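# Fold and contact review
Spelled out, the chains give:
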Amino acid sequence: RAAEALQLRRRQLEAAREAKEAAIVMEAQRRAEAAQEVERRRHLAACRVEAEVAAATRLQSRHDDDCKQHLGKVLDREQETRVACDEWNRGAVASIFETAASKSMGAHRREHLSKRSLEQTAHVLGRHFSTQRQFNSGADSRLTHILRGCLHEAEAPGFRSPRAL
């Protein structure tokens, strides 16, 4: 009976060793498969990264080309506008501007001379009035009403007295 128990124990020990060896082999296979899966996934990730970098590079170069083309169009348009404006300014418009400038200068000169003449006339009238009669506030208000502020700049509020000249 002891021999049978010993035999039973040896078989159990042998079965446990075989199970242990089978588990070790299975674990080694699982680890090898896991390592292969890791390698496969790393390779796929590297391929994805490479493809994304290539796509980003193509997109960047396309955007650069688009920007250069747009900038070229803008510069060409500015040059065309500059040339057109120069031609326009040198053409018939130049004579129109010259004529307008000369007429404007003439009008300003006539206005200035007219104002000077009016000032001189008011001065002579005032001098004459003061030698002939006494210049008082009633005469001052009548002259102010007649001249209606023509001797003073437009920004002056109200009518100023000829005495203020």
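Bear in mind that the values here come from a model prediction, so they are computed numbers and not experimental data.

### Some thoughts on the overall build of the protein chain
- A tally of helices and strands in the protein chain yields three helices and zero strands.
- Across the 165 residues in the protein chain, those meeting the buried criterion constitute 7%.
- Accessible surface for the protein chain amounts to roughly 14,600 Å². Of this, 56% is attributable to carbon and sulfur atoms.

### Digging into the confidence of the model for the protein chain
- When pLDDT is averaged across the protein chain, the result is 84; 87% of the residues are at 70 or more.
- Confidence scores differ between elements of the protein chain, with helix α3 (residues 137-147) showing the lowest mean pLDDT of 73 and helix α1 (residues 2-90) the highest of 94.

### Some details on α3
- For α3, the complete set of buried residues consists of Ala139, Asp140, Leu143, Thr144 and Leu147. Buried residues along α3 cover an arc of 135° about the axis, so they all sit on one side. Structural note: α3 exposes Arg142, His145 and Ile146 on the side pointing more than 90 degrees away from its buried face.
- Following α3 by one or two positions, arginine 148 adopts a phi angle in the positive range, close to 50°.

### Points about the pattern of salt bridges
- Scanning the model with the defined rule gives five salt bridges in all.
- Salt-bridge contacts for arginine 30 lead to glutamate 27; the nearest nitrogen and oxygen are separated by 2.5 Å. Of this pair, arginine 30 and glutamate 27 are both found in helix α1, three residues apart, which corresponds to roughly one turn of the helix.
- On the basis of relative accessibility, which here comes to 30%, the residue glutamate 27 falls in the partly exposed class.
- Of the charged contacts in the structure, one is a salt bridge between glutamate 27 and arginine 31, with a shortest N-O distance of 3.4 Å. In this pair, glutamate 27 and arginine 31 both sit in helix α1, four residues apart, roughly one turn of the helix.
- Take arginine 31: its relative accessible area is 56%, and that puts it in the exposed class.

### Structural notes on a nonpolar patch on the surface
- A surface patch of nonpolar side chains, amounting to about 360 Å² of accessible area, comprises Trp88, Ile96 and Phe97.
- Inspection of the secondary structure assignment puts phenylalanine 97 in helix α2 (residues 92-132).
- When its relative accessible area of 47% is taken as the criterion, phenylalanine 97 is described as partly exposed.

### Let's talk about the packing of aromatic side chains
- One pass over the structure, following the stated rule, counts one aromatic pair.
- Ring centres of tryptophan 88 and phenylalanine 97 lie 6.3 Å apart, and the angle between their planes is 90°; on these two criteria the pair is classed as edge-to-face.

Procedures and definitions
Residues numbered from 1 in each chain as written. Predicted model: local features only at pLDDT ≥ 70, side-chain atom pairs only at ≥ 80, totals over all residues. Heavy atoms only, no water. Helix = DSSP H or I, 4+ residues; strand = E, 2+ residues; numbered from the N terminus. Buried < 20%, exposed > 50% of the residue type's maximum accessible area, 1.4 Å probe, protein only. Areas by Shrake-Rupley, 256 points an atom, 1.4 Å probe, with all protein chains shown as cover. pLDDT = per-residue confidence, 0-100. Arc of directions from axis to C-beta. Salt bridge = Lys/Arg side-chain N within 4 Å of Asp/Glu carboxyl O. Patch = residues over 30% accessible without salt bridge, like charges linked within 9 Å, V, L, I, M, F, W, Y side chains within 5 Å. Phe/Tyr/Trp six-rings, centres within 6.5 Å; stacked < 30°, edge-to-face > 60°.

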